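Each chain is listed here by its residues.
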Amino acid sequence: MDSFFLLLSVLAFIGSFISRATAEHVESCPDRIPGSQRRPNCPKSCSQGKNCPNKRQCVCYGQCGLSCVAPGRTCPWPPPPGSNTVAHLLSPAPTVSALLEIRCKPGFVMAGGLEAVTRHCQSNRQWSGEDPVCMAVLTTAPLSCPLPEEAMRGFTLQGSSAVGSSLRYGCHPGLTLVGNSENFCLENQTWQYPHPICQRVFCPPPTEVDQAYLVAVKRQEYEVGETIYYLCKKTYLLEGPNSVNCQSDGTWGPVPFCRARCTVPAQRSRVIIGGVKLWPYEIPDGVVQHGQNVTFYCKHPEKQCSFTAVQPCFDGDLRPPDCYIEPTWIRYKLFPHRLVSEIAPCDSSDQRPESSDQ
Ligand SMILES: *[C@@H]1O[C@H](CO)[C@@H](O)[C@H](O)[C@H]1NC(C)=O
Ligand SMILES: *[C@@H]1O[C@H](CO)[C@@H](O)[C@H](O)[C@H]1NC(C)=O
C-alpha cells in the first residue's frame, strides 16, 4: 500500500501520467466507506480520473477512496515539531495525499507499542491525525557501585556490586583484612563503608615457654606459615604441640607447656606407680612424670587394715593425700611388716571413710 501511495504521489506530479496510473491502481484504493460521503474532509469522489472538474485530479485519498483533489496543494513542511518524535516524508513532496511517517526519537517508545504512525496530507492542507505520544524508555541495566580495580587488588570477592546487594571481601593467603569484611551497595550507587585493605601479616617473636628451648632463628617478625619448634629442658615433659605455626591472623596459636616431674612424697611407705608397688628407693630418681598417678596407702581409722588414695603429679606438684601418715623411722626400720602399706587391705564391706584428699 505504501509503495502504491509513493508511486501515486510521484505520478501525481507528472500530470500526463495520472489517468494511466489511477487506472492501474484503482483496484488497490479502498472504496469510500459509506457515511464518509458527506464528511467535509472528503473531496468529491471520482473513478478512474475521468470525472473531476477544475483541473482536479482523481487520486486515492486515504479512507475517502478515489477523490477529486486539487493539484499543487501542500501541507506544512517541515511539519510542526512534535515532542520526542522524528518525522520522515515518505513521498517526494508534501503535496496532497503525500505520506508522513512519524517515529519516536531513540530512547523513546510510542504508547501502544507502535513502531510508527503515518499521517497523510489532506486537501485542507493539514496533516491527518495527530502526533503520537512518545515516552522515555526506562533503562533496565542494573545499577551498581564502582569497584576500583587498584583498590580490589589482593582481595577475593563474593557477592555482587549491584545496588541493594552485599559484597564479602577476603584476602589472599599471607594478607589480613583490615576494615569491614562486608559492604552494601546503596541506592545512590555508593558503598556503605570504605573498602577494607589487605595487609601483609607478620607474627611477632613467639612466646617464650617456661623451661623450653626455642628452635628458631631469632627475628623481629616471622612470615605466615613459618614453623617454630619447642624443646623442653631435661627432665621436663612436653605437653601440647611441639611446634607452633605463624597463622594468617598474625598469631602463633596455642603454645605447649614443659611440665616438671614430681618427687614422690613418701619416704617410709610403699606406693603404687604404674600398677607396681614400690619402696621409695625403688622409684627411679624418686620422681614420677607429670600426669602420672601415685597410689598411697592410708590406715582405716578404726580397723587394722588399709585403703588406697590416688594423687596425680601435676607440673612438679604432688601432695600426699590427707589420710596419708608418714611412718616413723623406728617403725620403718624395726617393724616394716606393720607399715600401713604392708598390712591387709580393708574388705570392700568395711566402711571406707569419706576421702578428704584435698
Ligand atoms: C548516598 O546515600 C547515603 C545514605 O542514604 C548517604 O549517607 C551518602 O552521603 C550518599 N552519598 C552520595 C554521594 O550522595
Ligand atoms: C589418674 O587417676 C585419675 C582418677 O583418679 C584418672 O582419671 C586418670 O586417668 C589417671 N591417670 C593416669 C595417667 O593413669
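Rules behind the numbers
Residues numbered from 1 in each chain as written. Chains lettered and ligands numbered in written order. Predicted model: local features only at pLDDT ≥ 70, side-chain atom pairs only at ≥ 80, totals over all residues. Heavy atoms only, no water. UniProt positions renumbered as here; feature names shortened; annotations may be inferred. Near = heavy atom within 4 Å. Polar contact = N/O pair within 3.5 Å; in protein donor to acceptor, adjacent residues only side chain to side chain. Salt bridge = Lys/Arg side-chain N within 4 Å of Asp/Glu carboxyl O. Helix = DSSP H or I, 4+ residues; strand = E, 2+ residues; numbered from the N terminus. Buried < 20%, exposed > 50% of the residue type's maximum accessible area, 1.4 Å probe, protein only. Pairing = 2+ DSSP bridges. Axes fitted to C-alpha atoms, helices over the stretch in contact; angles between N-to-C directions.

- In the annotation of an unreviewed UniProt entry, the entry for the chain reads Beta-2-glycoprotein 1, and the organism field reads Scleropages formosus.
- Taken from UniProt, the Function (unreviewed entry) comment for the chain reads in full: "Binds to various kinds of negatively charged substances such as heparin, phospholipids, and dextran sulfate. May prevent activation of the intrinsic blood coagulation cascade by binding to phospholipids on the surface of damaged cells."
- For the chain, the Subcellular location (unreviewed entry) comment in UniProt is given as "Secreted".

## Re the site of ligand 1
Stage number 1. Contacts to ligand 1 come from Leu186, Asn188 and Thr190.
Stage number 2. A distance of 2.4 Å separates an oxygen atom of ligand 1 from a polar atom in the side chain of Asn188.

## So, the pattern of salt bridges
Stage number 1. Per the stated rule, a full pass over the model turns up 12 salt bridges.
Stage number 2. Arg259 is the salt-bridge partner of Glu239, the closest N and O atoms lying 2.9 Å from each other. Pair noted here: Glu239 is in strand β17 (residues 237-239) and Arg259 is in strand β19 (residues 257-259), with a separation of 20 residues, a long-range link.
Stage number 3. Arg259 gets classed as buried once you look at its relative accessible area, which sits at 10%.
Stage number 4. Each of Glu101, Arg103 and Glu115 takes part in salt bridges that share partners, so that together they form one network.

## So, the sheet that holds strand β16 (residues 227-232)
Stage number 1. Pairing within the open sheet is antiparallel, and its 3 strands lie in the order β14-β16-β18. Of all the strands in the sheet, just β14 (212-215) and β18 (243-245) have a single pairing partner and so form its edges. Strand-to-strand twist across the sheet, computed as the mean angle between neighbouring axes with direction ignored, equals 25°.
Stage number 2. Across 3 bridges, the pairing between β16 and β18 is antiparallel. Along β18, the bridge assignment pairs Thr227 with Asn245.

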